[in-house]
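Residue strings, one per chain:
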Amino acid sequence: MVLLHHQNPSRKRPSSSFVPPFPPPKIPKSQNDGVAVDVVEKMVSVLAEGGCTLVNPLGPPSLPADPFKLRRHLSRLFSTSSDDRSLFLSGFSSYIQSPSNLRRVLISSNGGGFGPARSESLVRHLLLVPPIQLDLQIMLLEKLPEYFDLISGDSQTSLSLEDDVARLIINQFRWLDFVVDPSSFTDKLMQVLSICPLHLKKEIIGSLPEIIGDQNNKNVVDSLEQMLHEDPSVIVPVLDSFSNLNLDDQLQEQVITIALSCIRTIDAEHMPCLLRFLLISATQVNVRRIISQIREHLKFVRVPNTCTKQKNKFKGKLLVENTEASILDALRSSLQFKSILCQEILKELNGLEKPRDHKVIDIWLLVLLYTNGETMRKSIEKVFKKKIIEGCIQEVMLDQCICGNKELAQEYFLSFLSLSEYLLTCKEQKSRDFGIYMYTLLFEEFADTYSRQEVLGALVTHVGSGVSFEVSSSLQIMASFATKHARELIPLSSHINGILDYLEGLNVENLYKVYEVFSHMALLARSSVDCFGSSIANELLIIIRKQVSHPDLKYKKMGLIGILKIVSCLGDANDAILSSPFQKSNVEEALELLETCLESCKQSCLSSIFFYDELSAILESRTLHPVIMDWIGKHVGEFESIFLSDLDGGQLPSRISYCGLEGELWMNLDGEISPICLNILPLASSSQSAPLQFLPANFHLLSAVERLTNQGSLGGIDALLGCPLLLPSSKYFSEAEWQSLTGKQKQIICLSLYYASNWIRELLNAFCTQVAGRFEFTSQSTKEDIMLKLLKRLRNLVFLESLLNHSIRMFPVALPQLHLQVDHCGSTLINQPNHVGNMEKKNEPKMTHECTSPNERKHKKISKTSTIGTDEKLRQPTLLDVLRKAGALTSQEMPNEVSSKERNSASVDQHSHVLNESVPIEVSPVSQALESQKFRFRPLLLECFSILTFSKNHDSCCSDPVAELPLYLYLIRDLHCKLDYFAAPGKQCSSRSLISAAVTRMTLNEFLSKIRPLFPSLKRNLDSAFCILKEGNETCEEHWNVQSADAGNPDITNLVPSKFSISTMVFKEVLNSFSKMLNLTEVQRSKPVLSDLLSAFQPNKALDAGASDVQPCPSPGTIEYSYLGACSFVESILDTACSFSFILASEALFTLESAVTSVQKVIDKLEVDDKNIQSGFSQVLPLLHSRLGSSAQKLLKHKWDNERLENGWKNKGEIVQRILRIYLEYTESTSDLLDELACTILPQVSFTTVAEDEDYGFPTLCPATFLSWYRVLFEVNLTVFDKLVKEVVRLGKCRPGFQPENVHTHLIKMQKNVNVVVALVSMCRTYDKVTLHSMAVKYGGKFIDSFLKAFDFLHVHFQMHNEVILLLVKKLQKATRIIQTLCSEAKGLKQTAITGKIPATKRSLERFLFRVKALLHATSSGCTFWMGNLKHKDLRGQVVSSQAYVDDRNDSIDEDPVGAVDVDPQVIVPTASQNSEME
């Protein structure tokens, strides 16, 4: 065992101070046998005189009963006579020439008399005689080589200690009471040791601390180091010897260095001993070096190859695994008993920043620390998560720890599992992904039942946590297990069934995963002979049948999800059908489940919608069995009979009134050849109007079936794209006709428009797949015809929604839900009324005629071609709750219980004036009446964005000759909503968001790949909108009317587009979308996507390399060049926008800021190897910063007239604040600019009441925006000062001695920040606004807090810079007095906006007061300090009358109204006592 020298002090022999009286004589050599016999006899007689019988026929020499008497006799004899000494040594040397004699004197002797039965050997006693000790030691060491050959090879294993002469000789030297000449003895011993055989060498080295004294440790250490270099196999005894030597600090460090040098060369079997020695020897001085060297050179875990994973059995593998286990055990035991090691390991790992610096050993060290104790687990978990997020700990490193090393990692299985549990609870996606990988690895590598039960139990616990991301991640793991290891999961099903207890708390996405797990297991149980007796399938079917038959929609939806997931597994065409006389086939079971679903959904429209959408999603993602496809095709074949009617020459066969409303065909794209129309008005006016609610979902399913059965083509139903819609007559939208309608009729009109809008949405979703490149089957002429119709349908959609929005403003209606928005089963909105018609009273008039019977249509044969993609329409639950509370039923809507007559009269009173005016085509204003109910609409799919690419160049009089900009704005807004979802996936979407499940289940990379072709179209629409804005508003409006008529829109003369408004919104939406895409992490990491995005927004003219401020100019095609071009393009827009709109110019500035921010993020994400790109960006970034600051300055200094301001400066405070922040942040010297604005510009403007003052160069600074400027200056100044204080504190810790010029520079910077605060606070004297006073108290207190952190720095440098520091404190004192007065007045006037901030501010002021006192007291500056009471003065410095009687002494103290603390090197320092004011 390797131990520290101080742990076993009992093993140390105290050093001797004995000094022989004369130098040892030289032993004479015998010349012949006679002489030898004489000297031997003389030696024997000398021993006999002392009571020792050397010649003992019974065994070893017989020692006297009192051995000490023998030693004293010999010592006296040899000390007085050197001849006797020489003769004795000569005789003894001759005597031990015989091996038998040598062995006799080395073995233990029998004592005489009443002595002990077993005593020490004769040699041992002779070595304790000082005059002859060194000679005997040398004599015995010289005899040692004679016996090497007797113990060579493997014979030493059979020799006992008494027969092994060499070991007997070494044993004589152990634990001697003293050593006469340690140096000589050590030198001789080391000489002999260098030639000893390996096993004896190891024993001698291990015994060195017992043999030699402590005086010659330096030579011992040096010799052992040399031996280690010559023969590394002696490392273990050397380390044992090092541990037991009593070394000083210098030698101990030398020993540590020697041991560290052996890490790279030592055999693996000896590594545990080396690690134990190093870790136990660790001190505060060397612990970091030890940990670093171990991390750098310890490579005991190797990457398992394929053969290792497959066979896992090799010759010698058991030895390797035992060695690795011993290494881990050595590390673990050492870490367990030295906390300094644990702390240093965490520090070492925290100090590593680059992924390449991390090794597999780091994971093991963390796991070992995690296994050892509870106290450090939180810290270890944080470090582990941090390293994963930074990409330092990667999956391949975890593979090297666990894969192929099951026996090694088995002991630490629970620690790995606990870390996996922690990672799955983290909010960061990267941590959860790593946790998912750890769970998967543990389940696959540890195949024993116990381990897998533990893994599954932990996952079920995650599911029960109720945290959405944790539940989702755990179910993702379970679904993966069910897909890959379903057979192994079936015996463990009892450990998984607990998930079913948490179904009510799961969202839709997680429900899918749960049923996917159980569906795979059930399918295997049904189809596998081994698992045939399993009851999993039966239990699952029982549960979902109960759910789907439940009257509550949330349980019904759970059952529908379960059934459809089972159907997708049972009906998969790629799976074999189970044929058994005792059991239904998989297809039969699937058809029965579908029939059950269909029957249960008949009573609920929302259930039908959900069923149709989910079934469509299955068809998009799987190829179902032909029998199942036949059943679905038969069901959707009923579409015609329910929703369509025949036409005669494109006209209605007869005029029929529906609830007193005349019908009219709208939007007929096929003209006279159209054979059918969509019966919206007849169904909307009927008491049985429920089919209209699931019409879009039904058509969605129909289109999916048609694509599958016709190889992706929708040719069989292409008549639906151009067929007209039967809607109320357009005459009802005139003022007179509208007012004559009843409430029931107005409701029917609104609902008809609503159903028509959603029908067109689904037409766009279906037929955009024909031209979006998804299927390559259509001819070019067919594609162009479809594209033309899609543009017209999009124009119809914009027209209908604008008209519906206008109608709902006049007559509020709660629209039925056509898209099941909820994402959480427990959401209350899924139980809302299914149709608004249920709210009407029984006595309302009913429809006069039923719709005519339609023609039947033929259907195509079933195709087995499966398509990829999904169109599910589910959303997040939190969004629904927010919409319900904040806008689902707006203040404009009337309660359901209000009669139609009352609603009619109310709407006429409130909105009748609107009918006399033109109705604008509004696409995006949030104030729309329709916006609060937009979530009820059917969402547009990503394929619809392909319409943006349809635009062609036209030669005409304006920038939008075919009036397509409103159509593109509609799509761009929807794209922006989807970008919002991906930009902040953890946040709630706004009420305008309408995100389909197909998008929510899509990764951001997939989303970007789909919208990547749209980038040039966005730029083209931005250019068109900008041209319109430059030309002027409301020009060439006849284009809209022409195109609208061509699309079949009714001629409603008062329905006109607002061209300027639409162009403005296109401008904003495109720039906002561009900004959001630039700052998406995936875009910044993907160079192709980033390059395409930037290339699309390049200026029309290429950059001039000669005119560029960057030299050399980046090469075209590089990312830097693209960034420069995009920023130049946005700058040009900003410059032009300044001539006509402040809002648009500010939008351009914010986009430029996003681009510059994106550049910095891209630089941060670049790899170290990309030095060329980093160099290019390092030249571009300062230029972009300068341009951004100049652009912000341009906006602030531009003279804006009222026309360009859009309603003056009202409600533009936030915009001005953001512009000012950009100006301050990207200027050359923020501190200087702050000082100029706060001390020079702002105080003068605050006195004036003129809205615009050109004298100061900032027209944007006026009374209306004064508070915005004031807030920004305070906040930015505080931010700058905080950074300065942190820098000062950090430098003070790193380098206690500052350079004098650096100290002075920092103090000057602090002085500027103090000047800004004093100037801003002083404005409260002349600007009497509570809001301003509140900001002064709040930010003034925060500034004092930050200033307090710099007092240590001021204290250190006070002696050399006392004048500057005193001036700093005196200046700040002016602000503290005013803040005191503000607090006092706020209390008296009960200004609650200020009083809430007073306690924290006052605490800061008190601390500031006493820190100043401590500073002046601790430094010998000659200053005096004392405190007095403040007079009660107002902001103007006038004494309040309640304090007029204060005595003369206090008058003299507080004569100066400016400050509360006076600091002067030669005068007193009065200040506020406990910051209390007299009231």
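Residues numbered from 1 in each chain as written. Predicted model: local features only at pLDDT ≥ 70, side-chain atom pairs only at ≥ 80, totals over all residues. Heavy atoms only, no water.

Draft legend 1. Local environment of the overall build of the protein. Looking only at helices and strands, the protein features 64 helices and nine strands. Residues counted as buried form 57% of the 1479 residues belonging to the protein. Taking the intrachain contacts of the protein between residues at least 6 apart in sequence as the baseline, contacts between residues at least 24 apart amount to 79%. Surface summary for the protein: the accessible area is close to 62,300 Å², and the carbon and sulfur share equals 51%. (Helix = DSSP H or I, 4+ residues; strand = E, 2+ residues; numbered from the N terminus. Buried < 20%, exposed > 50% of the residue type's maximum accessible area, 1.4 Å probe, protein only. Contact = heavy atoms within 4.5 Å. Areas by Shrake-Rupley, 256 points an atom, 1.4 Å probe, with all protein chains shown as cover.)

Draft legend 2. Molecular detail of unusual backbone geometry. Notably, Trp175 is not glycine yet its phi reads approximately 55°, a positive angle. Along the chain, Trp175 turns up in the loop between α7 (165-172) and α8 (182-193). For Trp175, a relative accessible area of 34% corresponds to the partly exposed category. The residue Met667 is not glycine, and still its phi comes out positive at about 60°.

Draft legend 3. Spatial organisation of the packing of helix α59 (residues 1330-1348) against helix α63 (residues 1398-1418). Orientation of α59 relative to α63, taken along the N-to-C sense of each, is 35°, at an axis distance of 9 Å. Of the two elements, α59 crosses α63, and the hand of that crossing is left-handed. Counted together, Val1337, Gly1341, Ile1344, Asp1345, Phe1347 and Leu1348 of α59 and Thr1401, Ser1404, Leu1405, Arg1407, Phe1408 and Arg1411 of α63 form the full contact between these two elements. (Axes fitted to C-alpha atoms, helices over the stretch in contact; angles between N-to-C directions. Left-handed = near helix turned anticlockwise from the far one by under 90°.)

Draft legend 4. Structural view of the packing of aromatic side chains. Throughout the structure, instances matching the rule amount to 37 aromatic pairs. Summarising the aromatic geometry, the rings of Phe643 and Phe694 are spaced 6.4 Å apart at their centres and angled 80° between planes, so their arrangement reads as edge-to-face. Placement of the pair is Phe643 in helix α33 (residues 639-643) and Phe694 in the loop between α35 (690-693) and α36 (695-709), with a sequence separation of 51 residues. Here the two residues Phe643 and Phe694 agree in accessibility, since each one is buried. Seen from their ring centres, Phe1347 and Phe1408 are 6.0 Å apart, and the 70° between their planes marks the pair as edge-to-face. With Phe1347 in helix α59 and Phe1408 in helix α63, this pair connects stretches of sequence that are 61 residues apart. Side by side, Phe1347 and Phe1408 carry an identical accessibility label, which is buried. The side chain of Lys934 reaches across the aromatic face of Phe937, ending 6.0 Å from its centre. (Phe/Tyr/Trp six-rings, centres within 6.5 Å; stacked < 30°, edge-to-face > 60°. Lys NZ or Arg CZ within 6 Å of the ring centre and 35° of its normal.)

Draft legend 5. Molecular detail of the nonpolar core. One finds Phe416, Leu720, Tyr1270 and Phe1347 to be the most contacted residues of the largest nonpolar core, which totals 458 residues. Counting residues per element, this core draws most heavily on helix α39 (residues 743-767), at 14 residues. Beyond its immediate sequence surroundings of up to four residues, Leu720 is in contact with Phe639, Leu644, Ile676, Phe699, Leu702, Trp759, Leu763 and Arg793. (Core = buried A, V, L, I, M, F, W, Y, C linked by side-chain atoms within 4.5 Å.)

Draft legend 6. Geometry of the pattern of salt bridges. Under the criterion given, the structure shown has 41 salt bridges. Measuring nitrogen to oxygen at the nearest pair gives 3.9 Å for the salt bridge that ties Lys789 to Asp785. Of this pair, Lys789 and Asp785 are both found in helix α40 (residues 780-810), four residues apart, which corresponds to roughly one turn of the helix. Each of Arg167, Arg174, Glu203 and Glu210 takes part in one network of salt bridges that share partners. (Salt bridge = Lys/Arg side-chain N within 4 Å of Asp/Glu carboxyl O.)

Draft legend 7. View of the pairing of strand β4 (residues 676-679). As paired strands, strand β1 (residues 644-646) and β4 are joined by three bridges and run antiparallel to one another. Residue pairing in the sheet places Ser645 in a bridge with Cys677 of β4. In this structure, β4 lies alongside strand β5 (residues 725-728), joined through two bridges in parallel fashion. When the sheet's bridge partners are listed, Asn679 is paired in β5 with Leu726. (Pairing = 2+ DSSP bridges.)

Draft legend 8. Quick look at helix α50 (residues 1087-1096). Listed in full, the buried residues belonging to α50 are Val1089, Leu1090, Ser1091, Leu1093, Leu1094 and Ala1096. Of the surrounding secondary structure, the elements contacted by the buried residues of α50 are α46 (1015-1031), α48 (1059-1078), α49 (1081-1085), α51 (1119-1137) and α52 (1142-1165).

Draft legend 9. Structural view of the sheet that holds β5. Here five strands make up an open sheet; going across it, the order is β1-β4-β5-β3-β2 and the pairing mixed. Two strands bound the open sheet, and with one partner strand each, they are β1 and β2 (657-658). Along the sheet face, α39 touches β3 (661-666), β4 and β5 and points at about 155° away from the line of β5.

Draft legend 10. Representation of a positive patch on the surface. Taken together, the side chains of Lys430, Arg1085, Lys1161 and Lys1165 make up a positively charged region of the molecular surface. Relative to the helices and strands, Lys1165 is located in helix α52. Looking at Lys1165, the relative accessible area reads 32%, which means it is partly exposed. (Patch = residues over 30% accessible without salt bridge, like charges linked within 9 Å, V, L, I, M, F, W, Y side chains within 5 Å. Lys, Arg positive; Asp, Glu negative; His and termini not counted. Charge placed at Lys NZ, Arg CZ, Asp CG, Glu CD.)

Draft legend 11. Looking closely at the environment of Thr371. Position of Thr371 relative to the elements: it lies in helix α18 (residues 360-372). According to the relative accessible area criterion, Thr371 is buried, its value standing at 17%. Distance in space between the C-alpha atoms of Thr371 and Ser418 is 9.8 Å, their sequence separation being 47 residues. Within the structure, Thr371 has its side chain in polar contact with the side chain of Ser415 (distance 2.6 Å). (Polar contact = N/O pair within 3.5 Å; in protein donor to acceptor, adjacent residues only side chain to side chain.)

Draft legend 12. Representation of the packing of α46 against α48 within the structure. At their nearest, the axes of α46 and α48 sit 9 Å apart, and the two run at 145° to each other. Here α46 runs over α48; the crossing is left-handed. Residue-level inspection shows Phe1015, Leu1018, Asn1021, Leu1022, Ala1025, Phe1026, Ile1028 and Leu1029 of α46 in contact with α48, the latter providing Lys1059, Phe1060, Ser1063, Thr1064, Val1066, Phe1067, Val1070, Leu1071 and Met1077. Here the residues of the contact of α46 with α48 are counted per class, giving 13 nonpolar, three polar and one charged. (Nonpolar A, V, L, I, M, F, W, Y, C, P; charged D, E, K, R; others polar.)

Draft legend 13. Examining helix α10 (residues 217-230) more closely. The end-to-end C-alpha distance of α10 is 20 Å, a good match for the 20 Å that 14 residues give at a rise of 1.5 Å each. Of the residues making up α10, those classed as buried are Asn217, Val220, Val221, Leu224, Met227 and Leu228. Summarising the axial view, the buried residues of α10 lie within an arc of 125°, below the 170-degree limit, and thus occupy one face. Among the exposed residues of α10, those oriented more than 90 degrees off its buried face are His229 and Glu230. Those residues of α10 that are buried lie in contact with α8, α9 (198-211), α11 (235-244) and α12 (249-261). (Expected span 1.5 Å × (residues − 1). Arc of directions from axis to C-beta.)

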